[in-house]
Amino acid sequence: MKIQRVVIIMLGPPGAGKGTQARMMSESLKIPHISTGDMLREALKNETELGMKAKAFMDRGALVPDELVDAIVAERVGRNDCCGGCILDGYPRTIPQAEFLRSILEKDGTGSLTIGVEVPDDELIKRLSSRWTCSQCGKMFNANLDPAKAGGQCDACGAVLVQRKDDTAEVIAERLHVYHRTTQPLVKYYQDRGSYVEVNGDRAVNEIFDTIIGIINRKRK
Ligand code: AMP
């Protein structure tokens, strides 16, 4: 498959490193990183109508209803800065979301490439329970593997690091359960469409990044 304007879908369980990779890819490829989780957390923080509707689902690790997420993605992907493509992180998460995305991309012939980042569950649990995120720029740190050099502050922008409310043992278990039941079927969905490439996410961040960029460059040729 040769790709021109393309939407890159980062698929994988919570804690697989999709956000970290998407952020690095966005910088390198100069296309926007669109994280539905970040958009929903922002809506929650600003107490918008969307945030209020999403709160109860997010607090317990459940998925926010498709129609709410579909609407924010359709609006965001339609903006001018996405005319050269974009990276979707955390969307789609259900088959109906994937079908919705296909319908909006089909309208102008935009292709998609899905990168599945795979990490075993026991490693995900370890990662999520020691994950700290910058409250300003979103950069992520791991208290065991990749701690911030400046203690509780972000190495990149100096803002305070926070632990996500849904990174508690109980909510992590529910998020993994939801992933396996509802989101993992998307692997087969995209495999069947010939647009799925799997990447081993249980490696160093830079190694994973090099693999992903290699895949994208090969598809571009
Ligand atoms: P994330 O930051 O991607 O782990 O998302 C955090 C939470 O936001 C999830 O546990 C869901 O409650 C909600 N969320 C994010 N993306 C979606 C989506 N595509 N569909 C439904 N809920 C979502």
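This one's a predicted model, so the numbers in the text were calculated from it and none came from an experiment.

Asker: Which residues make up the packing of aromatic side chains, and what values do they have?
Answerer: According to the stated counting rule, one finds one aromatic pair in the structure shown. Between Tyr189 and Tyr190 the ring centres are 4.9 Å apart and the planes differ by 85°, which places this aromatic pair in the edge-to-face class. Exposure class is identical for Tyr189 and Tyr190. Each is buried. Here the guanidinium or amino end of Arg193 rests over the ring plane of Tyr189, the centre of that ring lying 3.7 Å away.

Asker: How would you sum up the side chain of Arg131? Please name residues and give values.
Answerer: With respect to the helices and strands, Arg131 occurs in strand S5 (residues 131-134). Given a relative accessible area of 11%, Arg131 falls into the buried group. Here Asp167 takes part through its side chain, which lies 3.0 Å from a polar atom of the side chain of Arg131. Setting aside chain neighbours within four positions, we find Arg131 in contact with Gly15, Met140, Phe141, Gln163, Arg164, Asp167 and Arg175.

Asker: How would you summarise the site of the ligand if you had to cite specific residues and measurements?
Answerer: Near the ligand, the surroundings consist of 16 residues, among which Thr36, Arg41, Ala62, Gly90 and Gln97 are the closest. Note that an oxygen atom of the ligand is positioned 2.6 Å from one of the backbone N or O atoms of Ala62. For the ligand, a nitrogen atom lies 2.9 Å from a polar atom in the backbone of Gly90. Counting residues per element, the shell around the ligand draws most heavily on helix H2 (residues 36-45), which supplies four residues. Broken down by class, the residue content of the shell around the ligand amounts to seven nonpolar, four polar and five charged.

Asker: I'd love a proper account of the pattern of salt bridges, names of residues and values included.
Answerer: All chains considered together, the criterion is met by 19 salt bridges. Salt-bridge contacts for Lys53 lead to Glu49; the nearest nitrogen and oxygen are separated by 3.3 Å. Of this pair, Lys53 and Glu49 both sit in helix H3 (residues 49-59), four residues apart, roughly one helical turn. Across the pair Lys165 and Asp59 runs a salt bridge, and its minimum N-O distance is 3.7 Å. A residue pair is termed long-range when its members are at least 10 positions apart, and Lys165 in the loop between strand S7 (161-162) and helix H7 (169-183) and Asp59 in helix H3 qualify at 106 residues. The class for Lys165 is exposed, based on a relative accessible area of 63%. What makes Asp59 partly exposed here is its relative accessible area of 32%. Taken together, the salt bridges that share partners define one network made up of Arg131, Arg164, Asp166, Asp167 and Arg175.

Asker: Give me the lowdown on the sheet that holds strand S2 (residues 33-35), citing residues and values where you can.
Answerer: The strand order S2-S3-S1-S4-S8 describes an open sheet built from five strands, whose pairing is parallel. Whereas interior strands pair on both sides, the edge strands pair on one side only; in this sheet they are S2 and strand S8 (196-200). Recorded for the sheet is a direction-independent mean angle of 25° between the axes of neighbouring strands. Pairing of strand S4 (residues 111-118) with S8, which is carried by five bridges, proceeds in the parallel orientation. Note on S8: the bridge partner recorded for Glu118 is Asn200.

About the criteria used
- Residues numbered from 1 in each chain as written.
- Predicted model: local features only at pLDDT ≥ 70, side-chain atom pairs only at ≥ 80, totals over all residues.
- Heavy atoms only, no water.
- Phe/Tyr/Trp six-rings, centres within 6.5 Å; stacked < 30°, edge-to-face > 60°.
- Buried < 20%, exposed > 50% of the residue type's maximum accessible area, 1.4 Å probe, protein only.
- Lys NZ or Arg CZ within 6 Å of the ring centre and 35° of its normal.
- Helix = DSSP H or I, 4+ residues; strand = E, 2+ residues; numbered from the N terminus.
- Polar contact = N/O pair within 3.5 Å; in protein donor to acceptor, adjacent residues only side chain to side chain.
- Contact = heavy atoms within 4.5 Å.
- Near = heavy atom within 4 Å.
- Nonpolar A, V, L, I, M, F, W, Y, C, P; charged D, E, K, R; others polar.
- Salt bridge = Lys/Arg side-chain N within 4 Å of Asp/Glu carboxyl O.
- Pairing = 2+ DSSP bridges.
- Axes fitted to C-alpha atoms, helices over the stretch in contact; angles between N-to-C directions.

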